[in-house]
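Letter by letter, the chains look like this.
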Amino acid sequence: MLPDLDALASAAIPTSLTSLVISGSVDPLAVARAANGDWAEVSYFRSIGGEELVGLGRAWSTSGKGGKSSFAAAASEFEAQGFARDVRALVGFAFQATGTDSEEWSSFPPLELVVPQVLVRRVDGEATIVVTLQAGQDPAEVLWKLRQLSLSGDAPRAPSEIRVESSPTASEYRDSVAEGVAAIESGQLTKLVLARRLKISTDVAPDPFAVMAALGEEQPGCYLYGWKRGEATFVGASPELLAERADGWARSIPLAGTAPRGRNDGADVQIAAELLSSAKDQHEHRVMIDDITERLAPLVNGLTISQPTVEKFRYVQHLVSRITGPVRNGETVLDLAHAIHPTPAVGGVPHDVARSQIEDLEGFDRGWYAGAVGWMEPNGDGQLAVAIRCALLQGREAILYAGNGIVRDSDPELELQETRWKFRALLRHLGEA
């Protein structure tokens, strides 16, 4: 049930952008599922710490290309609105700063900040609803839409027919990896990330937020996100934090180096030990850490970098490091994100050469895959997860994305197998939901 909305019922029609805060008890993901059919835009984000946000509609937004000036202009424009701290903008941006012309990603611009008309936030079981009204907007309109929400929700119907198409094919992906290794051996690159995608067609359109609910239960150690725009929804469960700013401190938790989970505890421990001692994976991880710290150094004082450890997820385990430090001059989370995006975990080194190789070898548009999704406060604090382990859902079709870091010692067959590990969670839940 939604909390008491009397404060909204008695609110006057505002003369400028105005936000009302209502306390109560509500499940944000249940709200997202209930709103999926009636609201053209629904967004959801859950941090690893458990904080949840859901946004319905939009009261204010700004968008642009993803270059440095565009990121700074978006943050400045958001701050200039004078929003209260309870207001948050949901943030998303594409892998390529210039965006895309592909039809499937047409609803997702290169960079966008959206202040929802209704924002539900839950922390430690306590929820607040922030309703932001435009000048002249009658609160009764929003109140009516909220009261139509049914939070019970029907169980999703499982599909009986599933068709899977790979792009590139397995053979083509192995060939691309081999070409990437050759480019590294020739000295053009140190690392390159190559992705592949699967198109899933079913006889039943999946419920995007039911898929997210299933992912959330299975992947508690991941950032969970979903953003519906009209008929298209981008969903995923990412293990990787691109950038966070909180109380003047910057943080990034990159990962590189992947192994499967073991069939039992003993095998799991053995695989983790091999991952920690793997020269190939340690090299891949060090390339990433060196690149991120070099690019963050002008913005952050006294960076601290932890030693890599192994973190375990449902289907894979990764080498992970933590990079922290105080920001120098009040840089926003968007400033931090722009400085390090794309990290070597999704792009490569050198960056310009890697982007060119990705464009030549992958053969598809990444869109928001390998970009970022998260939130930002008016003061510049915020949290952005790398948009990986994800899918773009539209009607009865879903496009899944997964990529791997290629270095000198990469084996094309093993890299292909690694993408299969990364596809597992979404493949499973799209088959059920």
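These figures come from a predicted structure and were not determined experimentally.

Trainee: Kindly report on unusual backbone geometry, identifying the contributing residues and their values.
Mentor: A cis geometry characterises the amide bond from Ser-167 onward to Pro-168, with omega recorded as 0°. Assignment of secondary structure puts Pro-168 in the loop between strand S9 (162–167) and helix H5 (170–185). Following His-341, the chain continues to Pro-342 via a peptide bond in cis, the omega torsion being -10°. Note that Pro-342 resides in the loop between helix H9 (333–340) and strand S20 (348–349). The backbone of Ala-370 sits at a positive phi, close to 70°, despite the residue not being glycine. Positionally, Ala-370 belongs in the loop between helix H10 (351–362) and strand S21 (372–376). On the accessibility criterion, Ala-370 (1% relative accessible area) is buried. One non-glycine residue, Arg-389, lies in positive phi territory at about 50°. For Arg-389, a relative accessible area of 15% translates into the label buried.

Trainee: Talk me through the sheet that holds strand S18 (residues 316–320); I want residue IDs and the actual numbers.
Mentor: A sheet is described by the order of its strands in space; here 3 strands give the open sequence S15-S18-S17, paired in antiparallel fashion. Here the strands that pair on one side only, and so sit at the sheet edges, are strand S15 (255–260) and strand S17 (309–312). When strand polarity is set aside, the average angle formed by the axes of neighbouring strands in this sheet is 30°. Pairing of S17 with S18, which is carried by 4 bridges, proceeds in the antiparallel orientation. Looking across to S18, one finds that Lys-312 is bridged to Gln-317. Helix-sheet contacts for helix H8 (residues 279–296) involve S15 and S18, and the interaxial angle to S15 is about 155°.

Trainee: Break down the sheet that holds strand S5 (residues 89–93) for me, citing the residues and quoting the values.
Mentor: The antiparallel open sheet is built from 9 strands, whose spatial order is S4-S6-S5-S21-S22-S13-S14-S19-S16. Both outer strands of the open sheet, strand S4 (60–64) and strand S16 (304–305), are each paired with one neighbouring strand and no more. Of the strands in this sheet, S4, S5, strand S6 (111–115) and S21 touch helix H3 (residues 68–80), which is tilted by about 10° from S6. Most of the contacts of H8 go to strand S19 (residues 323–326), to which it runs at about 10°, and overall it touches S16 and S19.

Trainee: Report on the packing of aromatic side chains, specifying residues and quantitative values.
Mentor: Counted under the stated rule, the structure contains 15 aromatic pairs. Measuring from centroid to centroid gives 5.8 Å for Phe-78 and Phe-83, while their planes differ by 45°, and the two rings are tilted. Just as Phe-78 is buried, Phe-83 falls in that class too. The rings of Trp-105, Phe-108, Tyr-225, Trp-227, Phe-234, Phe-364, Trp-368, Tyr-369 and Tyr-401 are connected pair by pair, giving a single aromatic cluster. Between Arg-88 and the ring centre of Trp-375, over which it is positioned, the NZ or CZ distance is 3.6 Å. Taking the ring centre of Phe-95 as reference, the NZ or CZ of Arg-366 above it sits at 4.3 Å.

Trainee: Now, about the pattern of salt bridges: what can you tell me, with residues and values included?
Mentor: A complete count under the given rule lists 30 salt bridges for this structure. For Glu-218, the salt bridge is made with Arg-428, and the minimal N-O distance between the two is 2.5 Å. One end of the pair, Glu-218, is in helix H6 (residues 208–218); the other, Arg-428, is in helix H11 (residues 412–432), and 210 residues separate them in sequence. For Glu-218, a relative accessible area of 14% puts it in the buried group. Of the residues examined, Arg-428 reaches a relative accessible area of 38% and is grouped as partly exposed. Between Arg-261 and Asp-268 there is a salt bridge whose closest N-O contact spans 2.7 Å. Take Asp-268: its relative accessible area is 7%, and that puts it in the buried class. A network of salt bridges, in which partner residues are shared, links Glu-51, Arg-85, Arg-88, Arg-121, Arg-245, Glu-377 and Asp-381.

Reading guide: rules and limits
- Per chain, the residues get numbers from 1 upward, laid out in the order the sequence is written.
- Residues qualify for local features only when their pLDDT is at least 70, as the model is predicted, and side-chain atom pairs are given and counted only at 80 or more; totals for whole chains, interfaces and linings, by contrast, use all residues.
- With hydrogens and water set aside, each side-chain value is computed from the structure's full complement of heavy atoms.
- Numbering of helices and strands starts at the N terminus; helices are DSSP runs of H or I of at least 4 residues and strands are runs of E of at least 2.
- A 1.4 Å probe rolled over the protein chains alone gives each residue an accessible area, and that area as a share of the maximum for its type sets the label: buried under 20%, exposed over 50%, partly exposed in between.
- Only strands that DSSP links by at least two bridges are regarded as paired with each other.
- Orientation is described by axes fitted as lines to C-alpha atoms, over the contacting stretch for helices, and by angles from 0 to 180 degrees between their N-to-C directions.
- Working rule for contacts: check all heavy atoms of both residues, and any pair within 4.5 Å makes them a contact.
- A pair of aromatic rings is counted whenever rings of Phe, Tyr or Trp (Trp by its six-membered ring) have centres within 6.5 Å, and the orientation is called stacked for planes under 30 degrees apart, edge-to-face for over 60 and tilted otherwise.
- Charge over a ring is defined by NZ of Lys or CZ of Arg lying within 6 Å of the ring centre and within 35 degrees of the ring normal.
- A pairing counts as a salt bridge when a side-chain nitrogen of Lys or Arg comes within 4 Å of a carboxyl oxygen of Asp or Glu.

Bear in mind that shape data such as this cannot, by itself, settle questions of function.
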